[in-house]
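This is what each chain is made of:
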Amino acid sequence: MATLGPEPRPLSQLVSAPTQANLGALGSHRNLPLNRALERALEEAADSGFLNLSTRKLKEFPRTASNYDLTDTVEADLSKNRLTDIPPEVVHLVSLETLNLYHNCIKSIPDTIISLQSLTSLNISRNQLSVLPACVCGLPLRVLNASNNKLNSLPERISQLTNLMELDVSCNEVTTLPCHIGRLKGLRELNVRRNLLCVLPEDLAELPLVKFDFSCNKVSTIPVCYRKMTQLQSLQLDNNPLQSPPAQICIKGKVHIFKYLTMEACRSDKMADTLYLPVTDRLSLKSGSLFLFLSMEDIDQHKKLDSDSGVGSDNGDKRLSATEVSMCWGCVCMVWLRCCKVRLCVPTFQNEAQSPVLSPVFSSPPFGLKPRSVFLRSHKNVDSVDPQFTMRRKMEQLREELELMEQLRESIESRLKVPLPEDLGSSLMDGVVLCHLANHIRPRSVASIHVPSPAVPKLSMAKCRRNVENFLDACKKMGVPEEKLCLPHHILEEKGLVKVSVTVQALLDETSTKPNLFT
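Position labels on residues start from 1 in each chain and follow its written sequence. Predicted model: local features are reported for residues with pLDDT of at least 70 only, side-chain atom pairs are reported and counted for 80 or more only, and whole-chain, interface and lining totals are derived from all residues. To obtain the side-chain values, all non-hydrogen atoms of the structure were included, while hydrogens and water were left out.

Student: So, the overall build of the chain: which residues are in play, and what are the values?
Tutor: Along the chain, the regular secondary structure elements total 15 helices and eleven strands. Only protein chains enter the area calculation, which uses a 1.4 Å probe; residues under 20% of their type maximum are buried, those over 50% are exposed, and those in between are partly exposed. Each of the 519 residues in the chain was classed as buried or not, and the buried ones make up 44%. Residue exposure ignores everything except the shown protein chains as possible cover, and the areas themselves are Shrake-Rupley values with a 1.4 Å probe. With an accessible surface of roughly 28800 Å², the chain has 52% of that area assigned to carbon and sulfur atoms. Helix and strand assignments come from DSSP, with helices taken as H or I runs of at least 4 residues and strands as E runs of at least 2, each series counted from the N terminus.

This is the structure we're talking about:
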């Protein structure tokens, strides 16, 4: 059959060549905005030293980066991309101080990263690392974040990171911490949350940690030496099968945990190591006299380390550490003296007509040895030793003090309807809470209260003392007896919370007996 016209041509042949060129150029410009943003980021990095290539779906380092001078880059952000390795171009940025590789697909760290000798912060979290190479330990890092990976262990050479202040290896599969982790003397924050740890190394007690998180692990026991972490402010230990301390102690917070560890240390035989008891053949025993050398250096050291434990003794001058040491010291001395069957006192006569008087007699110390025992300081110390002294009595005394602390906390919280921090002493130190308590009992009993502000979050010592003195004056006006009033330094220096508790309880008792005067 004959056709009436020419055969139809394809659409591509109907369009002219210039028109096709324009369409091709239009299609190529679809990726132009992304390329322009990338070029702009490289230009800004060359000018400012901050390279921001975050969230760009990069699988490799931009090839056009070679057109820019990035040698002075000090901070690089390559987070939220699709990198499988650390780009070699990044390793050549020798001036780099901060490197962020968060949320990529990196499976290994090259040994060439050791060339970044100015790097102080490395964030390699949320990747696919199974091993943290030892070459990382050769960097001058202060912050290392390797969380959310697949790490089974940490390198033994991690102790070489002497400048490290923050270490985060949470959400991994770490089973044990390196044995030399206690050499990281600058470490302030340690996060090992959500791992497979069963045992905590005792070396951690030697670190000045401020924040410690070992929650969501398999830890059953906290070493008693952790009570020496006096600088610790935040302790997270939830979701662990803890048996020592028990759960009812752990839920009360850090202060109660440390008190429990201190009491456990008292019960154990390890505290006997704080005393120096020489062998009996080096003692000079003449005519029933006794010469003892007991080292008090460890006792003084415990007083300094545990000065912020938050529990005062009867006289308000000692802390829990002093009570703990005195308990162990007294018990060991009594047991040792009974075993040796040594008499501390011998009869002496003032004249022939008088009856014998017991008085201690001490021999002179051997040449070259300096007596450090409290027995050699004065005779009244020997007379003041209570022969009926027992561990049970001291433990009962500690228990009573803890109950007073809890009673003080409950009294304030129930009156003011506000929760108090775990460290009760520091929360009362500035006198603000106590002044509000006095005004709650009797309105306007404290005319003016110095309170912190966002600009000045911490009061000066002079303002704290003024608040405390105003509180004590209000207590006097409301009828608290003089003998039940604490002194200002008991509050300001946190050295007599037991006496503060007595004062507050006396204030509440006094006002409850006279409700018509203050309503």
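Student: Describe the pattern of salt bridges, with residues and values.
Tutor: Opposite charge on two side chains allows them to pair when their charged atoms are near. We count a salt bridge whenever a side-chain nitrogen from Lys or Arg sits within 4 Å of a carboxyl oxygen from Asp or Glu. Inspection of the entire model under this criterion finds four salt bridges. With a closest N to O distance of 3.4 Å, E60 and R63 form a salt bridge. Residue E60 is classed as partly exposed on the basis of its relative accessible area, which comes to 44%. Exposure remark for R63: the relative accessible area of 69% places this residue in the exposed category. For R267, the salt bridge is made with E264, and the minimal N-O distance between the two is 2.7 Å. A residue pair is termed a helical-turn pair when its members lie 3 or 4 positions apart in one helix, as R267 and E264 do in helix α6 (residues 254–267) at three residues.

Student: How would you sum up the sheet that holds strand β1 (residues 50–52)? Please name residues and give values.
Tutor: If DSSP finds at least two bridges between two strands, the strands pair. Ordered in space as β1-β2-β3-β4-β5-β6-β7-β8-β9, the nine strands form an open sheet in which the pairing is parallel. The open sheet has two free edges, formed respectively by β1 and β9 (234–236), since each of these has just one partner strand. For this sheet the average axis-to-axis angle between neighbouring strands, irrespective of direction, equals 5 degrees. Pairing of strand β6 (residues 166–168) with strand β7 (residues 189–191), which is carried by three bridges, proceeds in the parallel orientation. Looking at β7, one finds that E166 is bridged to E189. Where helices are involved, their axes are fitted lines through C-alpha atoms of the stretch in contact, as for all axes, and angles between N-to-C directions lie from 0 to 180°.

Student: An account of empty space enclosed by the protein is needed here, citing residue identities and associated values.
Tutor: The way it works is a 1 Å grid over only the protein atoms, where trapped points that fit a 1.4 Å probe form a cavity and open points with protein on both sides within 12 Å along at least five of seven lines form a pocket, and then any residue with an atom within 4 Å of a point lines it. Grid points are joined across faces, edges and corners, and a volume is the space filled by probe spheres set on the points. Taken as a whole and judged by the stated rule, the model has two cavities of 30 Å³ or more. Contributing to the lining of the second largest cavity are I222, Y226, M229, L232, L235, I257, F258 and L261. At three residues, the largest contribution of residues to the lining of the second largest cavity is made by α6. Residues belonging to the lining of the second largest cavity are distributed by class as follows: eight nonpolar, no polar and no charged. When residue character is reported, Ala, Val, Leu, Ile, Met, Phe, Trp, Tyr, Cys and Pro are called nonpolar, Asp, Glu, Lys and Arg charged, and the others, Gly included, polar.

Student: Help me get a handle on α6, residues and values and all.
Tutor: Helix span is expected to be 1.5 Å times the residue number reduced by one. Between its terminal C-alpha atoms α6 stretches 20 Å, which fits the 20 Å expected from 14 residues at 1.5 Å a residue. In terms of burial, α6 is largely enclosed, as twelve of its 14 residues are buried.

Student: Explain the side chain of N149 to me, and be specific about the residues and the numbers.
Tutor: Following the sequence through the fold, N149 ends up in the loop between β5 (143–145) and β6. The exposure class assigned to N149 is buried, which follows from its relative accessible area of 8%. Here the side chain of N149 touches S147 through a polar contact of 3.0 Å, landing on its backbone oxygen. We call two residues contacting when some pair of their heavy atoms lies within 4.5 Å. Ignoring sequence-local partners within four residues, the contact set of N149 consists of I124, S125, R126, N127, Q128, L129, C171 and N172. Side-chain atoms alone can form a polar contact between residues adjacent in sequence; in general such a contact is a pair of N or O atoms within 3.5 Å, and within protein one must be able to donate a hydrogen while the other accepts it.

Student: Can you break down the packing of aromatic side chains residue by residue, with the values?
Tutor: To pair, rings of Phe, Tyr and Trp, with the six-membered ring standing in for Trp, must have centres within 6.5 Å; the planes then decide the type, stacked if under 30 degrees apart, edge-to-face if over 60, and tilted in the middle. Under the criterion given, the structure shown has two aromatic pairs. Put simply, the rings of F212, F214 and Y226 pair up and form one aromatic cluster. As a reminder, the over-ring test applies to NZ of lysine and CZ of arginine, requiring each to be within 6 Å of the ring centre and within 35 degrees of the ring normal. The lysine or arginine in question, K254, covers the ring of F258, its NZ or CZ lying 5.6 Å from the ring centre.

Student: Describe the environment of S108, and please don't skip the residues or the numbers.
Tutor: With respect to the element layout, S108 can be found in the loop between β3 (98–100) and β4 (121–123). For S108, a relative accessible area of 37% gives the class partly exposed. Non-local contacts of S108, meaning those with residues more than four positions away in its chain, are made with D85 and L129.

Student: Give me helix α13 (residues 461–477): which residues, what numbers.
Tutor: Look at α13: 24 Å from first C-alpha to last across 17 residues, which is about the 24 Å you get at 1.5 Å a residue. Taken residue by residue, α13 has C464, N467, V468, F471, L472, A474 and C475 as its buried positions. One side of α13 carries all its buried residues, which in axial view fall inside an arc of 155 degrees. In the stretch just after α13, G479 is the one whose phi turns positive, near 95 degrees. Along the arc lie the directions from the helix axis toward the C-beta atoms.

Student: Kindly report on the confidence of the model for the chain, identifying the contributing residues and their values.
Tutor: Any residue range with low pLDDT should be treated as having predicted coordinates unsuitable for detailed reading. Known as pLDDT, the predictor's per-residue confidence is scaled from 0 to 100. Taken over all residues, the pLDDT of the chain has a mean of 76, while the share at 70 or more is 68%. Across residues 10–32, confidence stays below pLDDT 50; counting only partners more than four residues off in sequence or on other chains, it has three contacts. Here residues 331–385 is modelled with pLDDT under 50, and outside its nearest four sequence neighbours on either side it reaches 86 contacts, counting other chains as well.

Student: Explain the packing of helix α12 (residues 432–441) against α13 residue by residue, including any values.
Tutor: Two elements in contact, α12 and α13, have axes whose closest approach is 8 Å; the angle formed by their N-to-C orientations is 30 degrees. Viewed along their axes, α12 and α13 adopt a mutual orientation that is roughly parallel. The crossing of α12 and α13 is left-handed. Only N467, F471 and A474 of α13 make contact with α12, whose side of the interface consists of V432, L434, C435 and A438. When the residues that make up the contact of α12 with α13 are grouped by side-chain class, the tally is six nonpolar, one polar and no charged. Roughly parallel here means an angle under 35 degrees, roughly antiparallel means over 145, roughly perpendicular means 65 to 115, and every remaining angle is called oblique. Should the near helix be turned anticlockwise from the far one by less than a right angle, the crossing is left-handed, and should it be turned clockwise, the crossing is right-handed.

Student: Describe unusual backbone geometry, with residues and values.
Tutor: Residues S244 and P245 are joined by a peptide bond in cis, for which omega reads 0 degrees. Looking at the element boundaries, P245 is found in the loop between β9 and α5 (247–250). One non-glycine residue, C171, lies in positive phi territory at about 55 degrees. Here C171 is to be found in the loop between β6 and β7. Its identity as a non-glycine residue notwithstanding, R194 has a phi of 55 degrees, on the positive side. You can call R194 partly exposed: its relative accessible area is 42%.

Student: Quick one: what's the story with the environment of S48, residue by residue and with numbers?
Tutor: Assignment of secondary structure puts S48 in helix α3 (residues 32–48). For S48 and V74, which are 26 residues apart along the polypeptide, the C-alpha to C-alpha distance reads 9.1 Å. At 2.7 Å, the side chain of S48 and the backbone oxygen of E44 are in polar contact. Engagement of the side chain of S48 in a polar contact is seen with the backbone nitrogen of F50, the distance being 3.4 Å.

Student: Give me the lowdown on the state of the cysteines, citing residues and values where you can.
Tutor: Criterion for a disulfide: a pair of cysteine sulfur atoms within 2.5 Å. In total, this model carries zero disulfides according to the counting rule given. Not part of a disulfide, C171 finds its nearest cysteine sulfur in C216, a span of 8.2 Å.

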